[in-house]
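# Overview (structure and organization)
Okay, here's what each chain looks like letter by letter:
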Amino acid sequence: MPTPQASQATRHRVLALYKELHRLGRDYPDPTYNFHGKLRGLFEKNKNLTDPAEIEKAIKLGEYIRNETLALYSLRKYRHLKRMYPLDSKADPPS
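Chains are numbered independently. Their residues run from 1 in the order of the written sequence. Local features are withheld for residues below a pLDDT of 70 in this predicted model, meaning they are given only at 70 or higher, and side-chain atom pairs are given and counted only at 80 or more; totals for whole chains, interfaces and linings count all residues. Remark: hydrogens and water are excluded; side-chain values derive from all non-hydrogen atoms of the structure.

### Digging into the side chain of Thr 69
Condition: Numbered from the N terminus, helices here are DSSP runs of H or I no shorter than four residues, and strands are runs of E no shorter than two. We call a residue buried when its accessible area falls under 20% of the maximum for its residue type, exposed when it is over 50%, and partly exposed in between, using a 1.4 Å probe and counting protein chains only. Nitrogen and oxygen atoms within 3.5 Å of one another constitute a polar contact, given that in protein one can donate a hydrogen and the other can accept it, and given that sequence-neighbouring residues count only through two side-chain atoms. In what follows, a contact means two residues having at least one pair of non-hydrogen atoms within 4.5 Å.
Tracing the backbone shows Thr 69 in helix 3 (residues 52–84). Since its relative accessible area comes to 5%, Thr 69 is described here as buried. Engagement of the side chain of Thr 69 in a polar contact is seen with the backbone oxygen of Ile 65, the distance being 2.8 Å. Apart from the residues within four sequence positions on either side, Thr 69 is in contact with Leu 24, Tyr 28 and Phe 35.

Shown next, in the form of structure tokens:
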């Protein structure tokens, strides 16, 4: 059985991850995806986990989702900049 301090540290990690994902979801490019609803559903589904290995697995999945979402935002910004400043000066400006 985990010690109370260990469970408090895990709880803090989970809450910090949830807050970060919730903030990232504000700018999700597809409004029909329901990012916040799915995020809440995943966290509520896993709230009763007690096995430390399963908890760690769920945290790793959340961190993976965070990293993929950040990569999506970076790619979106890069594509926008590429459209605004084409490398070929003879190319037609975007319409």
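### Topic: the packing of aromatic side chains
This is how it is decided: Centres within 6.5 Å make a pair out of two Phe, Tyr or Trp rings, where for Trp the six-membered ring is used; the pair is then stacked when the planes are under 30 degrees apart, edge-to-face when over 60, and tilted otherwise.
Taken as a whole and judged by the stated rule, the model has three aromatic pairs. The interplanar angle of 75° and the centroid separation of 4.9 Å between the aromatic rings of Tyr 18 and Phe 43 together place this pair among those described as edge-to-face. Residue Tyr 18 is found in helix 1 (residues 4–25), and its partner Phe 43 is found in helix 2 (residues 35–45); the two are separated by 25 residues along the sequence. Taken together, the ring pairs in this structure connect Tyr 28, Tyr 33 and Phe 35 into an aromatic cluster.

Everything listed here is a matter of coordinates, which is why it stays silent on function.
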